[in-house]
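# Understanding the architecture of this molecule
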Amino acid sequence: FQKDQENGLNSYWMTAVVINKELNFDDIEKRLRAENIEVKPLFTPLHQLPFYDDESHPISEATSKNGLILPSGTTLSQEDIEIISSKFRKVLLED
């Protein structure tokens, strides 16, 4: 992470992770939601949007397919972060 500036506070807007290809992304997302951890998929790669050429970019496609965004933001307490982290590790270790 970048260091916080003296005169500012980082919002840590998005904490994104990429799940190992051998793990089942849909199952992990489902189990996190069952633990009340709201996750969001990573953004669609730009080259897949309608106004771009339909080229293949395997790295961005794999990252998008296997990535998710964990809860983040300035309103999370240290306790919230620890709960999210603990439940995330639990779900990953169950696979």
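This text follows the structure it describes.
So, a few notes on the structure that sits alongside this text. Since the model is a prediction, treat every value here as computed from it, not as a measurement.

As a further point, take helix 3 (residues 78-94). Taking 1.5 Å of rise per residue, 17 residues should cover 24 Å, and helix 3 covers 24 Å from first to last C-alpha, within 8% of that figure. Close packing links the buried residues of helix 3 with strand 1 (15-18), helix 1 (25-34) and strand 3 (67-70).

Right, let's get into unusual backbone geometry. The phi angle at Asn36 is positive, at roughly 65°, despite the residue not being glycine. Locating Asn36 in the fold gives a position in the loop between helix 1 and strand 2 (40-41).

Moving on, we come to helix 1. Of the positions making up helix 1, those classed as buried are Phe25, Ile28, Glu29, Arg31 and Leu32. Buried residues of helix 1, seen end-on, are gathered within an arc of 165° and therefore sit on one face of the element. Of the exposed residues in helix 1, those oriented more than 90 degrees away from the buried face are Asp26, Lys30 and Ala34. In this structure, the buried residues of helix 1 make contact with helix 2 (58-66), strand 3 and helix 3. Phi for Asn36, located one or two positions after helix 1, is positive at around 65°.

Tracing the backbone shows His47 in the loop between strand 2 and helix 2. Residues within four places of His47 in sequence aside, it is in contact with Tyr52, Asp53, Asp54, Glu55, Ser56, His57, Ser60 and Glu61.

Attention now moves to the environment of Leu23. Here Leu23 shows up in the loop between strand 1 and helix 1. Spatially, the C-alpha atoms of Leu23 and Ser86 are 18 Å apart, while their sequence positions differ by 63 residues.

Conventions adopted
- Residues numbered from 1 in each chain as written.
- Predicted model: local features only at pLDDT ≥ 70, side-chain atom pairs only at ≥ 80, totals over all residues.
- Heavy atoms only, no water.
- Helix = DSSP H or I, 4+ residues; strand = E, 2+ residues; numbered from the N terminus.
- Expected span 1.5 Å × (residues − 1).
- Contact = heavy atoms within 4.5 Å.
- Buried < 20%, exposed > 50% of the residue type's maximum accessible area, 1.4 Å probe, protein only.
- Arc of directions from axis to C-beta.

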